[in-house]
Amino acid sequence: MPLSVQRRPRRPLRIALPWLVGALPLICGLLIMHWQAERELQSRSESSARHAVNQIERILDDISAAAKELLPLAGRPCLAEKLALRDQVTRRAFVRSTNLEFKGELYCSSLFGPFTEPVNPADYTQGMLWLMSGNSVTPGHPLLVYRIHEGERGAITTVDGEHLLNILRLPDIDSHLVLQVGRYRMDRSGKVQDSQPPIADIAPAALTSTRYPFSIHSGYGPDKVGQLMRSEFPALLALLVILGAIAGVTCFWQLRRAGSSRAELQRAMEANEFVPYFQPVVRGSDYRWAGVEVLMRWQHPREGLVRPDLFIPFAEHSGQIVPMTRQLMQNTARALAPYAELLGEDFHIGINITADHCQDLALYEDCQAFLATFPKGKVHLTLELTERKLVIPTDVTRVLFAKLHELGVMIALDDFGTGQSSLAYLRQFQVDYLKIDQSFVAMIGVDALSLHILDSIIELSSKLGLGIVAEGVENETQRDYLARHNVDFQQGYLFAQPMSARDFILALEEQVRQHNIAS
Ligand code: C2E
Ligand code: CA
Ligand code: CA
């Protein structure tokens, strides 16, 4: 039986909770990994675009240098300059063809020599660059055309699309790169299309050249993050799955443990295994039995008699203490009521109640039913509330305590001196008795400071007009000290141990017999 437990969750939550707890590390880990993968891809995408822009600028530097060298020749006879055109093609790595333009006409080409074709400046982005899907020499084969002009003269150089494709397809670049020149774009497939580039699903990046009118768009397809996570973080993924499984199984096991403890208490209640033990409380003046405290014991079929501190904390947390106390009161009434005539006048029966129980109006009915089993006025019922866990004042407690007092039920503040109940608290719940905690009684003749506290409690109770009970009295020194200080009632092993109902009745009968002999 666990002694520290949480309140047990409801059934659907009990089933879902282990899955949720198991999934939590996995979900959190995946979210962090996803975020990290996205950042990684974004940086890769941007650096790919930067790399491609630099490479294409290098190529354009080459073909623009050729065009600049040829520009002064524009307007001169083609046959005279043909060799100069071819010279540029031969000398420069990226130049595929060179051409001269004059008065809006391309009139001389490195390929054909004299040649006539109109030049439309509108084809060129910023009058400078034209991404073509092909020309009359190599239809369907992309090429990039560079044009420089000055008045009526112009020079046009071209670069083969293959060079550009080599950049877009570089093996260490895994993002989808698209070259955009004005309205035209070309991707890794090598097809030139007249449209704007689509925006990539993952890590879209766009970089425009500061020197030439083109831009590079970069990014990845939608499945790229998953791919990266699988390829880059397999160990972390496995660790998350293991962590999730451990968390889920631990949660399941804890719930089952709590569940089985609860079921075990339920079973014990149905089998009526919680039995009352009785410890007499004696009068301070003559040490005659003035009452009894009812202490719960678990008559376990295998473990034997189980002490309350081993199962009551769990029952309090699971909320089962309420029906258990009800059953204990019924069993007490059943055990004592037939022997009511053996109980002296004004016999006190003390029942321990937990603070949460005071939020339940049914306690009033339980007390009523308890008192109804005894002849009217024969016994006084005292509810012992521990000071360690204070009752929270609510509308329910106010009504409950008022009704209990009407019924003649008294309230004792148990373990007094160990908690922090204020005087207001004592007044609010109309406490009738203080039960001095046994730790103070144990200090009689041992510790001067505790003794001062004990004396103060006794003085306080008398000033407040409260009855006082000292518990845990184990020797005569303690008994005599308490008697000298006019403590009303005493309880402890010195007088009697807690005992079963049968032993208690036998002891009562013996007391009555002895009393009869004496008188
Ligand atoms: P408590 O209410 O302070 O009860 C007094 C405890 O002191 C009892 O322990 C009793 O057996 C023990 N005791 C009595 N005389 C002496 C003595 O001279 N010396 C020493 N060392 N101990 C003495 P028990 O029966 O084990 O109960 C322990 C606690 O369990 C109780 O403390 C009470 O807080 C709780 N408890 C017992 N029965 C019930 C119950 O029916 N309902 C609730 N809510 N709590 C209960
Ligand atoms: Ca008590
Ligand atoms: Ca106590």
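The structure displayed is predicted, hence computed values, not measured ones.

Asks: Would you mind showing me how to read the nonpolar core here?
Replies: Ranked by internal contacts, the top residues of the largest apolar core, which has 76 residues, are Phe374, Leu383 and Phe504. The leading source of residues in this core is helix α7 (residues 321-336), at seven residues. Apart from residues lying up to four places away in sequence, Phe504 is in contact with Phe278, Pro280, Trp289, Val292, Leu336, Phe347 and Met499. Residues Ala52, Cys78, Leu165 and Met186 belong to the second largest nonpolar core, which totals 38 residues.

Asks: Where do I start with the packing of α7 against helix α8 (residues 362-372) in this structure?
Replies: A packed helix pair is summarised by two numbers, namely the angle formed by the two axes and the spacing between the axes. At a closest axis distance of 10 Å, the pairing of α7 and α8 adopts a crossing angle of 10°. When the interaxial angle is binned, α7 and α8 end up roughly parallel. Two secondary-structure elements touch here, α7 through Arg326, Met329, Thr332 and Ala333 and α8 through Ala362, Asp366, Cys367 and Phe370. Along the lines of polarity and charge, the residues of the contact of α7 with α8 split into five nonpolar, one polar and two charged.

Asks: Hey, could you run me through empty space enclosed by the protein in this one?
Replies: Taking a probe equal in size to a water molecule and rolling it over the atoms shows the remaining empty space. Counted under the stated rule, the structure contains one cavity of 30 Å³ or more. Contributing to the lining of the largest cavity are 16 residues, with Val281, His348, Thr382, Glu384 and Val469 lying nearest its centre. Secondary structure elements with two or more residues in the lining of the largest cavity: β13 (289-300), β15 (347-353), β16 (379-386), β18 (433-436) and β20 (489-491). It is β13 that provides the largest number of residues to the lining of the largest cavity, a total of four residues. Residues of the lining of the largest cavity, tallied by class, amount to eight nonpolar, five polar and three charged.

Asks: Can you help me understand a nonpolar patch on the surface in this one?
Replies: On the surface, Leu111, Phe112 and Val137 cluster together into a nonpolar patch covering about 260 Å² of accessible area. Mapped onto the elements, Val137 comes out in the loop between β4 (129-132) and β5 (143-150).

Asks: What is the right way to read the state of the cysteines from this model?
Replies: Think of a disulfide as a covalent bridge from one cysteine sulfur atom to another cysteine sulfur atom. Tallying each qualifying case throughout the model produces one disulfide. With its sulfur 2.0 Å from that of its partner, Cys78 forms a disulfide with Cys108. One disulfide, between Cys78 and Cys108, carries an S-S torsion of 70° and so falls in the right-handed class. Here the residue Cys78 occupies a position in helix α2 (residues 78-91), and Cys108 occupies one in strand β2 (residues 105-109), the gap between them amounting to 30 residues. As far as the burial class goes, Cys78 and Cys108 line up, both buried. In this model Cys28 remains outside any disulfide bridge; the closest cysteine sulfur is found in Cys251, 15 Å from its own. On the accessibility criterion, Cys28 (40% relative accessible area) is partly exposed. The buried category is assigned to Cys251, whose relative accessible area is 12%.

Asks: So what exactly am I meant to see when it comes to the coordination of the calcium ion (ligand 2) here?
Replies: Each donor-metal-donor angle would ideally measure 109.5 degrees in four-coordinate tetrahedral geometry, or 90 or 180 degrees in six-coordinate octahedral geometry. All of the protein donors around the calcium ion (ligand 2) are Glu293 (OE), Asn352 (OD1), Glu384 (OE) and Asp414 (OD); their distances to the metal are 2.1 to 2.3 Å. Taken in chain order, the donor set of the calcium ion (ligand 2) reads E-x58-N-x31-E-x29-D. Separation of the calcium ion (ligand 2) from the calcium ion (ligand 3) amounts to 4.3 Å, with Asp414 serving as a shared donor to the pair. With Glu293 in strand β13 and Asn352 in strand β15, this residue pair connects regions lying 59 residues apart in the sequence. Of the residues examined, Asn352 reaches a relative accessible area of 29% and is grouped as partly exposed.

Asks: What is the right way to look at the layout of surface pockets in this model?
Replies: Quantified by volume, the largest pocket comes out at close to 1000 Å³. For the lining of the largest pocket, the secondary-structure elements that each account for two or more residues are β13, β14 (304-306), α6 (312-318), α7, β15, β16 and β17 (410-416). Tallying contributions element by element places β13 first for the lining of the largest pocket, with five residues. For the lining of the largest pocket, the class distribution of residues is 16 nonpolar, nine polar and 13 charged. Here the second largest pocket defines a volume of roughly 390 Å³. Forming the walls of the second largest pocket are 23 residues, and the residues nearest its centre are Asn99, Leu106, Glu117, Met132 and Asn135. Among the secondary structure elements, those contributing two or more residues to the lining of the second largest pocket are β1 (95-102), β2, β3 (113-118), β4, β5 and β6 (153-160). When its residues are assigned to classes, the lining of the second largest pocket shows 13 nonpolar, seven polar and three charged.

Asks: What am I meant to see in the pattern of salt bridges here?
Replies: Here the idea is simple: oppositely charged side chains can pair when their charged atoms come close. The tally for this structure, following the rule as stated, stands at 27 salt bridges. Salt-bridge contacts for Arg91 lead to Asp87; the nearest nitrogen and oxygen are separated by 3.0 Å. Here Arg91 and its partner Asp87 are both found in helix α2, four residues apart, which amounts to about one turn of the helix. The class of Asp87 is partly exposed, set by a relative accessible area of 35%. A salt bridge links Arg183 to Asp194; its shortest N-O distance comes to 2.8 Å. With Arg183 in the loop between β7 (178-181) and β8 (184-186) and Asp194 in strand β9 (residues 192-194), this pair connects stretches of sequence that are eleven residues apart.

Asks: Honestly, the site of ligand 1 in this entry has me stumped. Any pointers?
Replies: Around ligand 1, 20 residues are found, and the nearest of them are Gln279, Arg297, Gln438, Glu474 and Tyr493. Between ligand 1 and Gln438 there is a distance of 2.9 Å, counted from an oxygen atom to a side-chain nitrogen or oxygen. Between ligand 1 and Tyr493 there is a distance of 2.8 Å, counted from an oxygen atom to a backbone nitrogen or oxygen. About the coverage of ligand 1: the protein hides 83% of its 790 Å² of free accessible area. Judged by the proximity of its atoms to the pocket grid, ligand 1 belongs to the largest pocket. Listing elements by their share of the shell around ligand 1, those giving two or more residues are β13 and β17. Top contributing element to the shell around ligand 1 by residue count: β13, with four residues. Across the shell around ligand 1, the residue classes tally to eight nonpolar, six polar and six charged.

Reading guide: rules and limits
- Residues numbered from 1 in each chain as written.
- Chains lettered and ligands numbered in written order.
- Predicted model: local features only at pLDDT ≥ 70, side-chain atom pairs only at ≥ 80, totals over all residues.
- Heavy atoms only, no water.
- Core = buried A, V, L, I, M, F, W, Y, C linked by side-chain atoms within 4.5 Å.
- Buried < 20%, exposed > 50% of the residue type's maximum accessible area, 1.4 Å probe, protein only.
- Helix = DSSP H or I, 4+ residues; strand = E, 2+ residues; numbered from the N terminus.
- Contact = heavy atoms within 4.5 Å.
- Axes fitted to C-alpha atoms, helices over the stretch in contact; angles between N-to-C directions.
- Parallel < 35°, antiparallel > 145°, perpendicular 65-115°, else oblique.
- Nonpolar A, V, L, I, M, F, W, Y, C, P; charged D, E, K, R; others polar.
- 1 Å grid on protein atoms, 1.4 Å probe; cavity = no way out; pocket = protein on both sides within 12 Å on 5 of 7 lines; lining within 4 Å.
- Points joined across faces, edges and corners; volume = space filled by probe spheres on them.
- Patch = residues over 30% accessible without salt bridge, like charges linked within 9 Å, V, L, I, M, F, W, Y side chains within 5 Å.
- Areas by Shrake-Rupley, 256 points an atom, 1.4 Å probe, with all protein chains shown as cover.
- Salt bridge = Lys/Arg side-chain N within 4 Å of Asp/Glu carboxyl O.
- Disulfide = S-S within 2.5 Å.
- Donors = N, O, S within 2.8 Å, 3.2 Å for Na, K, Ca; no water.
- Near = heavy atom within 4 Å.
- Polar contact = N/O pair within 3.5 Å; in protein donor to acceptor, adjacent residues only side chain to side chain.
- Sits in = over half its atoms within 2 Å of the grid points.

In short, geometric facts, not functional conclusions.
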